[in-house]
Structures are given as structure tokens and as C-alpha cells.
Amino acid sequence: MEAKLLMGNEACCEGALAVGVDFFGGYPITPSNEIGEIMSRRLPKVGGRFIQMEDEIGSMACIVGASIAGRKTMTATSGPGFSLMQENLGFAAMAEAPCVIVNVMRGGPSTGMPTLPSQGDVQQARWGTHGDHPIIALTPSTVREVFDLTVTSVNFAEKYRTPVVLLMDEVIGHLREKVVLPQKESVEVVNRAKPTCPPEWYRPFEDNKSGVPLMAPFGEGYRYHVTGLTHDEMGFPTTKKDEVDALNQRLHRKIRQGFEEIMIHESFLMEDATTAIVTYGCVVRSAKTAVLEMRQEGKKVGLIKLTTLWPFPRIAFENLSDQVEEIFVPEMNMGQLYREVVRVNHGKRVVRKISKVDGEMISPEDIMRAIKREGGSGAKVY
Amino acid sequence: MQKSIDVYAYLRHEKKFPLIWCAGCGNGIILGSIIRAVDGLGLDKNLVSMVSGIGCSGRTSTYVDFNTLHTTHGRALAFATGVKFGRPELTTLVVMGDGDCLSIGGNHFIHAARRNIDMTAFIFNNNIYGMTGGQVSPTTPEGMIASTASYGNREPNFDACKLAVAAGASFVARGTTYEADSLDEIIALAIQNKGFSVVEVMTPCPTIYGRYNRLGNAVKMLRMQLEDTVTVEEAAGMSPEELKDKVVTGVFHDAPRPELCEEYELVIETALKK
Ligand SMILES: Cc1ncc(C[n+]2csc(CCOP(=O)(O)OP(=O)(O)O)c2C)c(N)n1
Ligand code: SF4
């Protein structure tokens, strides 16, 4: 494949089409608009379907309905729309309907700054909908990675029967980079496991080793019930405590069993590092530059890039050498992931946040300045 | 005449009965009518999907042996849009309460009607919020009592059928649980319409609406449906004065027009040429 100049939002569509997304329901919102526009043009050419819904509540509902009817579904939005999607996102988690929600984060709160970047929806991606649900959220930092993680998001959604949030920031969504996309044939495609048993044997929410029940699309002979109410393994509402507990436990267990594969993270020059920068999304780009520049100055700084944000990739810290004394967490919010980093380090090292909420991207200088100013002072120990 | 069919062949027996509805609730009568209509049309159960919202009415989907999806409050039509647009071969029936469809779900209702997507939307209109204990609904008539309108409702109510026609539904009708026979027929016509059909059914809620408003028991409330109802044909010869407290039943609008899923085939055709 030859190199193309692509925008993050375009790469997202390329990834979605490569992995077989064949249904998109959405509502326009900056800075995610290009995704819906491109999908509206491309899907009808490949046997897919696009619908612009009346709002984001409807968008989320409609991609869940289509998913249950057997489609691979996706929507794209930004902060205000993501807020409106929360109730039915929870429904998707409860009904175990595979689907992908792309949130190209813009400045908040509220209408905030439609055209400026932020990473303000990190905790909302985790806890935006009510109830104790599991969720998967991934975040790219290059245009090529947008393609790859869109593929991974759809594959995780199908494999684990769960909504997956692809959290992009405006910088990545609108960034143009020269990328070489993989051949379509080399893209890994996971499809939800369907039942093969006779319909009368089908127990639509029955547990198994993976914790992920087999999923029959509506209209193929397996008539069953889907509800957002707490249900038994036949899908019918229940309040019996053993059935209630079994469902709630299984919903979490199915994701927990996949932690190893789901918690994607990368290390960069961490072998001898005494100071680590932990970050994600567009900030990874600045952090890499900061690491290289500080290394020139003889400082042993490394980078841990978190690609998965939820479930929080604690395994990235489990085997971290005792050499690492300090961690800096630059984020374009007031420290939403910083708290998680503090939590999983159990007070073993100093963790400091570098927050920026002025609508501008965190620069390498911002990071270097903070490390120089606060690094090694050892004052704040958690 | 109602033909006798094996209604049980359409019901789910495992663990799902007795139903949650109160004795005397009209919802079961509507469910019976839906089943008879589906049976009369000879539809394959595997290709029928019932999508419902939240409320007493929303529980309807639990009991029937179709592909059933019990969604969130007000959103049944948006979920159903995904089901139908995702798999157009499914006959899609959408069951909603009056609050469900016309209050929280009002936006989805007018847009589903505008798109003329092929599905039948049932509004189980009991004039009140049943499930949550009797709060006022956008269909509660003026002057009536509800738990959040203890001094009498002073807000005008929606005429769901007029709203549906104005928004673009291609088939719009109203029936009552008293006249189950003609309800069967109306529902069969609605399902056969290739487009967005709305069937509003007046259904008694003796437990809550009846009790708040001292309307008597279930039988009395059913009889009232007979007394208060006039057909579209009868209504045509009546003055606005005479029609004031009457509920008009029958088919108000039957005007097929291009349907969303079929229109999308044209989108596909055009896209493939470009
Ligand atoms: C978002 C949301 N808001 C409120 C509720 C609570 N709720 C459940 S049913 C209902 C109203 C039921 O009334 P109606 O739609 O008329 O149906 P009925 O129970 O009378 O059949 C409400 C407000 C809810 N489930 N979800
Ligand atoms: S509360 Fe009213 S609407 Fe609900 S089941 Fe009882 S009678 Fe029916």
C-alpha cells in the first residue's frame, strides 16, 4: 500500500470499514463530523447502512438495535453528545450488545470549546452511565494508530459483547499524517460467536468459560428476549438474588478474564529510567519529544504510553523497576487519570500531575518545565 | 367476529406468568389483538420483532414469542429504527405507553413518522403513568386527577393521532380495548401498511387512573369506553360541541408514501454509480 495523507477522523473510518462495520447511526457534532460524513458516503457502497438520527440518544439506541439485529455498529460524537448517549450506552453494557462509540474529545464542561482539544471525558468514559458496569476505552496518539485502534475497538466489542469507547482528542481527530494502511486482507477481523444449537436449546445469556454468551441476531430463528432489566440466563427479568449476582459477576468477569489482552500499553526508553512520564492520546507525542530532549541532557526519563484507559492498565506498573522513583502524568484535564496512576502505585513512588485546561495541547516544554521544577524534590509522596 | 386461534402458541410459558399487569388492566386485551392480527396475517414468528419501552405497557414484549427487545424509557422507536433499518426483513412492532411515546419519547416519535420507516407503533394510552404510580401524562385530559395533579390537571393533552398525521405517519388509527374485534382489524391493516403506522389504543388502568378519578372497576371502565366513543364516520356528522368529551376511533389516515428502507435502496444504487 502506498502512503496517504490522512486525517485521524478519516483513518477511523478506514479502520471501521476494514474491520467490517456495516451500520453507522449518528448525529453531527464538532470535532467528530468527518466520521459521520465519510461513513454516509462509504457505507452504501459496501452493503452497509448509514442513518442520521434525531439526536445522540437516538443514535446510541439505534446502533444497539442494529447490533442486536446482527450488524457491526458504530457511532461518533463529542462531549455533549457523549453525555446524551450515556443511558443507552449502559443498556448496551447490560444487554451485551457489541458496538463502538467514538468520542473525539473537545473542551468542556458543557458546550465548552467545540473546536479545541481536551481530554476531559476520561472519567466519563469509565463512569458516565449509571450502575456498576464494566467498559473498555482505548485512545490513539497517531493517525495510523487511530486506524489500528478502531479495528481493535470493533474486535473487542465483538469478542467481549460490550460497548467500546474509542476516546480520541481533537488533536488526533484532526491531525493529518502520512500513513501506510495495511492491506485489507491482513486486518484481523473478529466476529461475535453465534449459537449453532437448535433454537429450543438456546439460552441467550448462559455463562460459559469465557463469560461471553453466544449471540444470535434477531431474525435467524432464535427467538429470545433482550432487556435492560437485570435478567436471568434466558434474558427474562429477575430479582432473585442468585440470578442477579450471577449476571453482575459475569459481566465483570468476562472483561477481567481478558485483562491481559485488553490492557494495551507501551514503554519507551524505560529500561534505565528513574523518572517516568505516563500519558495517552496526543500528549504522548509531546512526551516522546520531552523524553528525547531530557535524555540529551543526561536525565534518565522514560515514557509509558497508555493505549487502553479502561480497564485501567495497572499491569503496566506491576513490573516497573524500583529504579523508577517518580512518575509525571501530563493530561489535558485536571488529573483524571493521574488518580488511577496514584492508586496502582500504592505509594511506592511519587506521582505528580501536569494539568493543562486552556484549550491548548500540552507541549514538550510544558512537560520538561514541570519535571525540572518539581522533579527530585521528593516532597509529595503518596 | 373474532376467530379462535391458539393464542398460547404465541406466548412464552417459561417462568413468565402470571404477568405483572393488574387484574382488569386493558393491556392484555391489546396483546391479544396484536397476536390475532399477526396470526391472521400468517407472519413467521422468526421474522417478527417486538420492541418496547418502559412502563406497564413496556412489559408486553416479555410475554410474546417473537424477537423481543425491551429498551429504555421513551427510546423504543429509536432502538426499533436500528433493528428495522439493520434488518429490513423483520416485521417490527413497537409497544409504548402514552408517557413513554409522547413525553420522553416525543422526539423519536415525530422523527420515525417523518421517515416513514416501516413499523407499527402501538401507544397503549391509559391516560396516566401506570408503572410509576399515577403521575400526570401528556395524555391526561384536563381536569382529571393524577398523583402529580392532585388539584386537577390544567395542562392540555396531546391528540396522539393528529400529531402522528402531522408528523408524516402513513397510517394512523385509534381503537379501544372494548372493541377488540375491530382492534384486531385495525392492527392487521396497520401492520400491512408499508410505512410508519400508529395505532393508539385506549386502555383502562383501573388500579391507578380509575381509582384516582373514581371511575369504578374494570368492567365499568370498559363500558365507559363504549359510551364515550364514536367512530370516525359518526364523528363526521357531529358538531364540535357534541364531540367535546368523545373519543373518536377508527382509521384516520391511510396514505402510503415512500418508505425509509426502500428509499435507502435508491441511495445504495446512486452511491454505487459514483
Ligand atoms: C429515563 C427514565 N425516566 C423515568 C423513568 C421512570 N418511569 C418508568 S415507567 C414511567 C412512565 C410510565 O408511564 P407510561 O409511559 O404512560 O406507561 P404505563 O406504565 O402507563 O404503561 C416512568 C416515568 C425511567 N424508567 N427512565
Ligand atoms: S397500574 Fe394500571 S396500567 Fe399498570 S398494570 Fe395496573 S392497571 Fe395496568
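Residues numbered from 1 in each chain as written. Chains lettered and ligands numbered in written order. Predicted model: local features only at pLDDT ≥ 70, side-chain atom pairs only at ≥ 80, totals over all residues. Heavy atoms only, no water.

**Student:** Honestly, the overall build of chain A in this entry has me stumped. Any pointers?
**Tutor:** Along chain A, the regular secondary structure elements total 13 helices and 16 strands. Compactness check: chain A gives a C-alpha radius of gyration of 21 Å against a globular reference of 21 Å for 382 residues, within 12% of the reference. By principal-axis analysis of the C-alpha atoms, chain A measures approximately 70 × 50 × 40 Å. Classification of the 382 residues of chain A by burial places 61% in the buried group. At a minimum sequence separation of 6, the contacts of chain A that also span at least 24 residues come to 77%. (Helix = DSSP H or I, 4+ residues; strand = E, 2+ residues; numbered from the N terminus. Rg over C-alpha atoms; globule rule 2.2 N^0.38 Å. Buried < 20%, exposed > 50% of the residue type's maximum accessible area, 1.4 Å probe, protein only. Contact = heavy atoms within 4.5 Å.)

**Student:** Quick question: what am I supposed to make of the interface of chain A and chain B here?
**Tutor:** When the parts of a complex come together, some accessible area is lost, and that lost area is often used as the size of the interface. Contacts between the two partners involve 43 residues from chain A, matched on the other side by 43 residues from chain B. For the pair chain A and chain B, the two sides together bury roughly 3600 Å², of which 55% comes from carbon and sulfur. Area buried by chain A at its contact with chain B is led by R49, E54 and R223 of chain A, which between them contribute 21% of it. Here chain A is connected to chain B by four salt bridges. Across the salt bridge formed by R49 of chain A and E265 of chain B, the nearest N and O atoms sit 3.8 Å from each other. Summed over the shared surface of chain A and chain B, the number is 22 residue pairs in polar contact (both at pLDDT 80 or more). At the level of elements, strand 3 (49-52), helix 3 (56-68), helix 4 (79-95) and strand 10 (225-227) of chain A are the ones that each hand at least two residues to the side of chain A that touches chain B. Ranked by residues supplied to the side of chain A that touches chain B, first place goes to helix 3 of chain A with eight residues. (Buried area = accessible area lost by both parts, 1.4 Å probe. Salt bridge = Lys/Arg side-chain N within 4 Å of Asp/Glu carboxyl O. Polar contact = N/O pair within 3.5 Å; in protein donor to acceptor, adjacent residues only side chain to side chain.)

**Student:** Help me understand the domain arrangement of chain A in this model?
**Tutor:** Residues and elements named next belong to chain A. The domains assigned to chain A are domain 1 (3-186) and domain 2 (266-381). The centre of domain 1, based on its C-alpha atoms, is set 27 Å off from the matching centre of domain 2. Listed as interface residues are 27 residues of domain 1 and, on the opposing side, 22 residues of domain 2. Carbon and sulfur atoms make up 56% of the surface buried where domain 1 meets domain 2, a total of about 1900 Å² over both sides. The tally of links between domain 1 and domain 2 comes to two salt bridges. E145 is the salt-bridge partner of K305, the closest N and O atoms lying 2.6 Å from each other. Counting across the interface, domain 1 meets domain 2 through 14 residue pairs in polar contact (both at pLDDT 80 or more). Of all elements in the fold, only strand 6 (113-117), helix 5 (122-127), strand 7 (136-138), helix 6 (143-160), strand 8 (163-169) and helix 7 (170-174) reach the threshold of two or more residues within the side of domain 1 that touches domain 2. Counting residues per element, the side of domain 1 that touches domain 2 draws most heavily on helix 5, at four residues. Its residues assigned to classes, the side of domain 1 that touches domain 2 comprises 15 nonpolar, seven polar and five charged. (Domains from an automatic or database assignment. Nonpolar A, V, L, I, M, F, W, Y, C, P; charged D, E, K, R; others polar.)

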